[in-house]
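Structural description and commentary
Below are the chains, spelled out letter by letter.
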Amino acid sequence: MADRAVKIAPSILSADFSRLGEQVAEAAAGGADYIHMDIMDGHFVPALTFGPMVVKAVRRWTDITLDIHMMVEEPERYVDELAEAGADSLTVHAEAATHLHRVVQQIKDAGMRAGVALNPATPLSTITEVLPNLDLLLVMSVNPGFGGQPFIPASVDKIARARKMLDDAGLATELEVDGGIGPATAGSVAAAGARVLVAGSAVYGNPAGIAAAITGIREAANTA
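Residues numbered from 1 in each chain as written. Predicted model: local features only at pLDDT ≥ 70, side-chain atom pairs only at ≥ 80, totals over all residues. Heavy atoms only, no water.

1. Comments concerning the overall build of the protein
For clarity, the threshold we go by: What counts as a helix is a DSSP run of H or I of at least four residues, what counts as a strand is a run of E of at least two, and both are numbered from the N terminus. Computation of the radius of gyration draws on C-alpha atoms, with the globule rule given as 2.2 Å multiplied by the number of residues to the power 0.38. Only protein chains enter the accessibility calculation, which uses a 1.4 Å probe; a residue whose area is less than 20% of its type maximum is buried, one above 50% is exposed, and one in between is partly exposed. What makes two residues a contact is simply this: any of their non-hydrogen atoms within 4.5 Å. Only four residue types enter the charge count: Lys and Arg as positive, Asp and Glu as negative, with His and the chain ends excluded. Working definition for charges: the position is that of NZ of Lys, CZ of Arg, CG of Asp or CD of Glu.
Summing up its helical and strand segments, the protein has 8 helices and 8 strands in all. Here the C-alpha atoms of the protein give a radius of gyration of 16 Å, agreeing with the 17 Å that 2.2 N^0.38 yields for 224 residues. By its C-alpha atoms, the protein is 45 × 40 × 30 Å across when sized along the principal axes. Looking at the protein as a whole, 53% of its 224 residues qualify as buried. Sequence-distant contacts, at least 24 apart, represent 65% of the contacts inside the protein between residues at least 6 apart. Here the protein holds 16 positive side-chain charges and 27 negative ones, and the gap between their average locations is 3 Å.

Below you can see the structure in the form of structure tokens.
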């Protein structure tokens, strides 16, 4: 169904970093709509990943949307540098931004799409005041910080409530879900209203290959 069509955003957190550019290019050629990049600072979440230099390097390998997910404290410090590196969409955590409205506007002023992410225990009401300003709302279906975690089933209801919130407000904000997404969970989250599905290990860890993995997740999402 057209209104159930989803976008697939492979997360490079699960890619082989020794040949990252090739794996990004393979995902793009295999039908990925976005490339999802998780920036972690070792403070907001325990893990430490990469920064703007890697975003800039990935930008050279693809023209498709670079979907940056910032799991960092004080995200406003990095907005302009990420824009210069080639980021297209920048999502910050509501839990990490003291002045959320200001950061959202800063992202937009830098020429990027602005998103806000919510941890599993963070209520949707947290973003009510900034919702009209968002291009993307990211519902976390695992607790952030590590790849390969199991999907939290209660996330399906939260996605459905987020979908209703957006639809009732008449907003075109994209609803994204991240965490434990694969063929077994894609159908339920898409049915609940998610339109962008982030998948890491289900894409880069699939023995059938990246393109086949993307196709399998998309088919599960669109036919469930």
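Now, onward.
2. Describing helix α6 (residues 183-192)
Helical periodicity: at 3.6 residues per turn, an α-helix aligns residues three or four positions apart in one direction. Taken together, the buried positions of α6 are T185, A186, G187, V189, A190 and A192. Looking at the buried positions of α6, the neighbouring elements they touch are α5 (155-168), β7 (174-178), β8 (196-199) and α8 (210-223).

3. A look at the pairing of β7
Applied cut-off: DSSP calls a pair of strands paired once it identifies at least 2 bridges connecting them. Looking down the strands as they point away from the viewer, one classifies a crossover as right-handed if the path from the first strand across the helix to the second runs clockwise.
Counted residue by residue, β7 has 5 buried out of 5 residues, so it is predominantly covered. Here β7 shows no split at all, with E174, E176 and D178 on one side and L175 and V177 on the other all buried. Across 5 bridges, the pairing between strand β6 (residues 136-140) and β7 is parallel. Looking across to β7, one finds that L138 is bridged to E176. Following the backbone out of β6, through α5 and into the adjacent parallel β7, one traces a crossover that is right-handed. Direction of pairing for β7 relative to β8: parallel, over a ladder of 3 bridges. Looking across to β8, one finds that D178 is bridged to V198.

4. Re the packing of aromatic side chains
In plain terms, the rule: Only Phe, Tyr and Trp rings are paired, with Trp represented by its six-membered ring, and only when their centres lie within 6.5 Å; those with planes under 30 degrees apart are stacked, over 60 edge-to-face, the remainder tilted.
Taken as a whole and assessed by the stated rule, the structure comprises 1 aromatic pair. Taking the centre distance of 6.0 Å and the plane angle of 40 degrees together, the rings of F17 and F50 count as tilted. Separated by 33 residues along the polypeptide, F17 in the loop between β1 (7-10) and α1 (20-29) and F50 in the loop between β2 (34-40) and α2 (52-59) bring together distant segments of the chain.

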